[in-house]
Amino acid sequence: MTLDKLTRIDTRLIFLNGTWVASAGAGTIPVEDPSTGTVIAQIGRGTAEDVDQAVGAARWALEGEWGGLTATERGRILMRMSELVLERAEDLAMIETLDVGKPLDQSRRDAVALARYLEFYAGAADKLMGTTIPYQQGFTVFTLREPHGVCGIIIPWNYPMQILGRAVAAALATGNSVVLKPAEDASVSALVFAAIAAKAGLPAGALNVVTGLGADVGAALSGHAGVDHLSFTGSVETGMRVQEAAARNAVPVTLELGGKSPHIVFDDADLDRAMPVLVGACMQNAGQTCSAASRVLVQRGIYDEVRHRMIEIYRTLVVGPARDNHDLGPVVSRKQQRIVQDFIELGRRELTLAAQGELHPSATAGGNYVLPTLFAEVPPDHPLACQEIFGPVQVLIPFDDDDEALRIANGTDYGLVAGLWTRDGGRQLRMAGRLRCGQVFVNNYGAGGGVELPFGGVGKSGHGREKGFEALYGFTRVKTVALQH
Ligand code: NAD
């Protein structure tokens, strides 16, 4: 099945004010299949002029039909979108697999997660309330939660459907309108999502999708004076640029950036339970996960055993074409492949290479494949232990006690997620309290991704929270009303 048959739309067009139009610049960007390097489609190369039109359409929607709906009506439309996403889940999954090289089962999970975000925020839409405030005699004071207005949402290529789902569904549930800028390496599912939204009855202008390059569309959106709120997910460097641009218009920003998340494995851990999770939490999506557990900190008493068991698992890992559902698919682009290979070369020169997985014979030279790679006895200050690699590379770091584990875990610029493996209840609570990050998982990692669980970082991992009910606060602002009587 070819990509155009799966999408049922012309991917060169952008989605403005409820209709498909050619970008003002009329340029296109090729879509490459990361498993083969073949060009399989083109997407529109949007311009600042397109962004301007999209922001205008989003403003108009707030003043028109979309802005006039009740919270319950918004929720019903989101629920319909969720149902339609599930109906097309298989198409969406294959589209993602061809576009970003994600193994098919992982793409299927992403499509279901997108539907689940829509379902969760559909239900939440009319359950967000203000408060009444006890105040002086003669006053009644209450707060209203209002949408920001036009939300610019800029997303990366690694989990396009999930990240789109968590931001767009929460923004729409709270009554904002959206201009979405998907990543240039992963725009096709966002375009199909726009078609689904229109079919579900989302009023024109509530969602606009402008594809294109970050330097054109992303920069224009983050600096646009007509935008009221920005939600950015991506790299630290770009996030800081977006925040600078937003600051010039005094626009609030949520930043979901990178990470160098640790698993901390104590000598009382249940290793049979931990082992597959330790590896899977980094190898998922070929390591291209912001919350990838790319550092494994192991207490010295069990270090040799963990090292041995991890090597055994690594030797079974196979990387190959995404549609064949191997443990890992290719990374998204040649550029990403080069970045990750450079880290591996650095590690080979300076560290102990403990194990690598293998390439499936069906993988061709045109694909962006990287072998899953484990380095052992890595000093905590080595670049491979403190810089985000965003590829299938994991490091093992020994430690002696709780304080040293904390020092290492908290010792990078990032603070997104941490995993703790210990049966000691007191230690679970003490460590969870002292870890500098946005989520801590005890004797698991990720808790199945739960859309209900607030997510976000500290330090260079960003600020603000998405997912769960918390996102609804981020996509609204409080107005206080004081009545004197
Ligand atoms: P990126 O920063 O290069 O791109 C992200 C988005 O920003 C893309 O849509 C891109 O086109 C756009 N962009 C690029 N330049 C821009 C500019 N000047 N102004 C505005 N927008 C611009 O990131 P990436 O390479 O696509 O994604 C990888 C990074 O994203 C990693 O660091 C990863 O950790 C992070 N990430 C974080 C989370 C999270 O929730 N914390 C989730 C996924 C990915």
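Residues numbered from 1 in each chain as written. Predicted model: local features only at pLDDT ≥ 70, side-chain atom pairs only at ≥ 80, totals over all residues. Heavy atoms only, no water.

**Overview of the sheet that holds strand 5 (residues 132–133)**
Pairing within the open sheet is antiparallel, and its three strands lie in the order 5-6-22. In this open sheet, the two edge strands, each paired with only one partner strand, are strand 5 and strand 22 (476–484). Summarising the sheet, strand 5 and strand 6 (residues 139–147) pair through two bridges and their orientation is antiparallel. Paired with I133 across the bridge in strand 6 is V141. (Pairing = 2+ DSSP bridges. Helix = DSSP H or I, 4+ residues; strand = E, 2+ residues; numbered from the N terminus.)

**Considering the site of the ligand**
Close contacts around the ligand come from 30 residues, with I155, E184, S235, L257 and E388 the closest. Measuring from an oxygen atom of the ligand, one finds a backbone N or O atom of I155 at 2.8 Å. In the model, an oxygen atom of the ligand is placed 3.4 Å from a nitrogen or oxygen of the G214 main chain. Considering the ligand on its own, with 850 Å² of exposed area, one finds that the protein chains cover 89% of that surface. A total of four residues in the shell around the ligand trace back to one element, the largest contributor, which is helix 9 (residues 214–222). Among the residues forming the shell around the ligand, the class breakdown is 15 nonpolar, nine polar and six charged. (Near = heavy atom within 4 Å. Polar contact = N/O pair within 3.5 Å; in protein donor to acceptor, adjacent residues only side chain to side chain. Areas by Shrake-Rupley, 256 points an atom, 1.4 Å probe, with all protein chains shown as cover. Nonpolar A, V, L, I, M, F, W, Y, C, P; charged D, E, K, R; others polar.)

**Points about helix 8 (residues 188–199)**
The α-helix winds at 3.6 residues per turn, so residues separated by three or four positions along the chain end up facing the same way. Compared with an ideal rise of 1.5 Å per residue, which puts twelve residues at 16 Å, helix 8 spans 17 Å between its outermost C-alpha atoms and is within 8% of the ideal. Of all the twelve residues making up helix 8, nine are buried; the element is thus mostly covered by neighbouring parts of the structure. Remark: G201 follows helix 8 within two positions and exhibits a positive phi of approximately 95°. (Expected span 1.5 Å × (residues − 1). Buried < 20%, exposed > 50% of the residue type's maximum accessible area, 1.4 Å probe, protein only.)

**Thoughts on the side chain of T211**
Locating T211 in the fold gives a position in the loop between strand 9 (207–209) and helix 9. Within the structure, the side chain of T211 is placed 2.7 Å from the backbone oxygen of G44, a separation counted as a polar contact. Discounting residues that sit within four places of it in the chain, T211 has contacts with I14, I43, G44, R45, G46, P182, S187, L191 and V217. (Contact = heavy atoms within 4.5 Å.)

**Side note on the domain arrangement of the protein**
With domains assigned, the protein is organised as domain 1 (3–257 + 463–482) and domain 2 (262–450). Its C-alpha centre places domain 1 at a distance of 30 Å from the equivalent point of domain 2. Both faces considered, domain 1 and domain 2 share a buried interface measuring about 2,000 Å² in area, 51% of it formed by carbon and sulfur atoms. Counting across the interface, domain 1 meets domain 2 through zero salt bridges. Those elements giving two or more residues to the side of domain 1 that touches domain 2 turn out to be helix 5 (89–100) and helix 6 (104–124). For the side of domain 1 that touches domain 2, the element with the most residues is helix 6, which contributes four residues. Its residues assigned to classes, the side of domain 1 that touches domain 2 comprises nine nonpolar, seven polar and six charged. (Domains from an automatic or database assignment. Buried area = accessible area lost by both parts, 1.4 Å probe. Salt bridge = Lys/Arg side-chain N within 4 Å of Asp/Glu carboxyl O.)

**Focus on the sheet that holds strand 12 (residues 262–265)**
Spatially, seven strands are ordered 15-17-18-13-12-19-20 in an open sheet, and the strand pairing comes out mixed. If you trace the sheet from one side to the other, it starts and ends with strand 15 (352–356) and strand 20 (439–442), each paired once. With direction set aside, neighbouring strand axes in the sheet form an average angle of 20°. With four bridges joining them, strand 15 and strand 17 (residues 373–376) adopt antiparallel strand pairing. When the sheet's bridge partners are listed, Q356 is paired in strand 17 with T373. (Axes fitted to C-alpha atoms, helices over the stretch in contact; angles between N-to-C directions.)

**Considerations on the packing of helix 7 (residues 160–173) against helix 8**
Close contact between helix 7 and helix 8 brings their axes to 9 Å; oriented N to C, the two are set at 45°. By the angle class used here, helix 7 and helix 8 are oblique. Pair helix 7 / helix 8 crosses with right-handed handedness. Facing helix 7, whose interface residues are P160, M161, L164 and V168, helix 8 presents S189, A190 and F193. (Parallel < 35°, antiparallel > 145°, perpendicular 65-115°, else oblique. Left-handed = near helix turned anticlockwise from the far one by under 90°.)

**Remarks on the pairing of strand 19 (residues 417–421)**
With five of five residues buried, strand 19 lies mostly within the body of the structure. Burial along strand 19 is two-sided: V417, G419 and W421 and A418 and L420, pointing in opposite directions, are all buried. Pairing of strand 12 with strand 19, which is carried by three bridges, proceeds in the parallel orientation. Bridge pairing links I264 to L420 in strand 19. Sheet topology note: the strand 19/strand 20 ladder contains four bridges and is parallel. Residue A418 lies in a different strand from strand 20, and its bridge partner there is V440. For the crossover from strand 19 across helix 16 (residues 425–434) to strand 20, the handedness is right-handed. (Right-handed = clockwise from strand over helix to strand, strands pointing away.)

**What about the nonpolar core?**
Counting residues in each nonpolar core, the largest one holds 66 residues, and the members touching the most others are M81, Y121, L180 and L207. Excluding residues within four positions of it along the chain, M81 makes contact with L118, L172, F193, I196, A197, A200 and L202. The next biggest cluster of nonpolar side chains, apart from the first, holds 58 residues, and it includes I264, L278, A405 and L435. (Core = buried A, V, L, I, M, F, W, Y, C linked by side-chain atoms within 4.5 Å.)

**Quick word on helix 15 (residues 402–409)**
Every buried residue of helix 15 is accounted for by D402, A405, L406, I408 and A409. All buried residues of helix 15 fall inside an arc of 165° around its axis, so they share one side. (Arc of directions from axis to C-beta.)

**Topic: the environment of D327**
Note that D327 resides in the loop between strand 14 (318–319) and helix 13 (334–350). Owing to a relative accessible area of 38%, D327 belongs among the partly exposed residues under this scheme. Residues D327 and A447 lie 120 residues apart in sequence; the distance between their C-alpha atoms is 20 Å. Once residues lying within four places of it in the same chain are set aside, the contact partners of D327 are P103, Q106, T316, L317 and V318. Of note is the side chain of D327, whose polar atom sits 2.9 Å from the backbone nitrogen of V318.

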